[in-house]
Amino acid sequence: MEQFNFNNELSGKIALVTGGTKGAGRAIAERLLQAGATVIVTARNAPEKKNSNLHFIASDLSKAEGAQNVVSEVLTNYGRLDILINNIGGSSTPAGGFAALSDADWESTLQANLLAPIRLDRGFLPQMIDRKTGVIIHIASIQGKLPLYDSTLPYAAAKAGLRNYSKSLSNEVAPKGVRVLTISPGWINTTASEAWLGEIARNSNSTVEEAQQGVMDALGGIPFGRPAEPEEVAELIGFLVSPRANYLTGTEYIIDGGTVPTI
Ligand SMILES: NC(=O)c1ccc[n+]([C@@H]2O[C@H](COP(=O)([O-])OP(=O)(O)OC[C@H]3O[C@@H](n4cnc5c(N)ncnc54)[C@H](OP(=O)(O)O)[C@@H]3O)[C@@H](O)[C@H]2O)c1
């Protein structure tokens, strides 16, 4: 993607991107870095492609202790946090609808997609409120309003919960100077989705292109004809966390190439 000059509009800001080592999270972290922020990324494993300008904290955010460790490490080492991008999430439960799912499937999905952001918000908000400034982004999914019951039932329910929680939180903290926003992407072309397509192709004896078309058909079609690139999602977030978006809070931004068929 073409490199823009963002005039260091995030210079002096401290940002945390959860899951910032791969996929959308990595693109978001690099976009905030380009705009001049100090960027911290978290994941369970160290990044394969190292970028020495991204400060890495290893942590499993699907556990309460993981979130506590990240909050205390960031506040001890950097003194504050200005921008929190709650990006981790995903689905690894079996397909097959309600009967195929155990309590453990529901719990693991809710931990990663809903409780992880809730815990981090709770940990970082007090210092944002004290300073009357801060931006929190929740990465949800179009599945929060367009559920695919056969393949990702707990994920869709967790993301719907995240959208609702995000709105409540914004109502509570907007008067205290903190902005809270939701981004709901459609399909993004990430490492995880490439691996997933490969698996579908192998299991169905088809090509990756046919598998991609099958996924687009299951979504009811993507009018744009392709998934988003991670950098396209990152670009929206780069704007939303910047001072150019100072009056935006409590709203959801769908970035899906037209997938959701309703207004
Ligand atoms: N890809 C899509 O099509 C799509 C569509 C709509 C919404 N989204 C949402 O966009 C966000 C990013 O998705 P993505 O596809 O870019 O993900 P991804 O490529 O699978 O990357 C996930 C990142 O999160 C980290 N992570 C996963 N579980 C973690 C845990 N328990 N604790 C700490 N870090 C963890 C991963 O690193 P480690 O594995 O090393 O921990 C990795 O850095 C998610 O919220 C997803 O639901 C994605």
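Located above this text is the structure these notes cover.
I will try to describe carefully the structure that is included in this document. What you are looking at is a predicted structure, and each value in this text was computed from that prediction instead of being measured. (Residues numbered from 1 in each chain as written. Predicted model: local features only at pLDDT ≥ 70, side-chain atom pairs only at ≥ 80, totals over all residues. Heavy atoms only, no water.)

## Here we look at the pattern of salt bridges
Selection criterion: A carboxyl oxygen of Asp or Glu within 4 Å of a side-chain nitrogen of Lys or Arg is what we treat as a salt bridge. Relative accessible area decides the class of each residue, using a 1.4 Å probe on protein chains only: under 20% of the type maximum gives buried, over 50% gives exposed, and in between gives partly exposed.
Within the structure shown, the criterion is met by eight salt bridges. Its salt-bridge partner being Asp82, residue Arg80 comes within 3.1 Å of it at the nearest N-O pair. Among the residues examined, Asp82 registers a relative accessible area of 6% and is labelled buried. Among the ionic contacts, a cluster of salt bridges with common partners joins Arg80, Asp82 and Arg131.

## Brief notes about the nonpolar core
How we decide: Joining through side-chain atoms within 4.5 Å is the link that ties buried Ala, Val, Leu, Ile, Met, Phe, Trp, Tyr and Cys residues into a set, and such a set is a nonpolar core. Each helix is a run of DSSP H or I of at least 4 residues and each strand a run of E of at least 2, with the numbering of both proceeding from the N terminus. The contact definition used throughout considers only heavy atoms, calling two residues in contact when any of these lie within 4.5 Å.
Grouped together as the largest cluster of nonpolar side chains are 30 residues, with contacts concentrated most on Leu32, Ile85, Ile137, Ile183 and Val241. Contributions of two or more residues to this core are made by β1 (14–18), α1 (23–34), β2 (38–43), β4 (83–86), β5 (135–139), β6 (179–185), α7 (230–240) and β7 (252–255). When near neighbours in sequence (up to four residues on either side) are disregarded, Ile183 contacts Ile137, His138, Ile139, Ala140, Ser141, Leu236, Ile237, Leu240, Tyr253 and Ile255.

## Remarks on the side chain of Ser170
Along the chain, Ser170 turns up in helix α4 (residues 153–173). If sequence neighbours within four positions are ignored, Ser170 has contacts with Pro175, Val180, Thr249 and Gly250.

## Details of the pairing of β4
To keep it simple, the criterion reads: For two strands to be treated as a pair, DSSP must find at least two bridges joining them. By convention, a crossover is right-handed whenever its connection, traced from the first strand over the helix to the second and viewed with the strands pointing away, goes clockwise.
Residues of β4 alternate between two faces, with Ile83 and Ile85 on one and Leu84 and Asn86 on the opposite face, all of them buried. In the sheet, β4 pairs with β5 via four bridges, with the strands oriented parallel. In the strand pairing of β5, Ile83 is matched with Val135. Regarding the hand of the β-α-β motif, the stretch spanning β4, helix α3 (residues 103–131) and β5 is right-handed.

## A few points about the sheet that holds strand β3 (residues 54–58)
The criterion, for reference: A fitted line through C-alpha atoms serves as each axis, taken over the contacting stretch for helices, and the angle formed by two N-to-C directions is quoted from 0 to 180°.
Spatial ordering of the open sheet is given by β3-β2-β1-β4-β5-β6-β7, a layout of seven strands whose pairing is parallel. Edge positions in the sheet fall to β3 and β7, since each has one partner strand and no second. For this sheet, the mean inter-axis angle between neighbouring strands, taken without regard to orientation, is 20 degrees. Against the sheet, α4 engages β5, β6 and β7, with an angle of about 160 degrees to β6.

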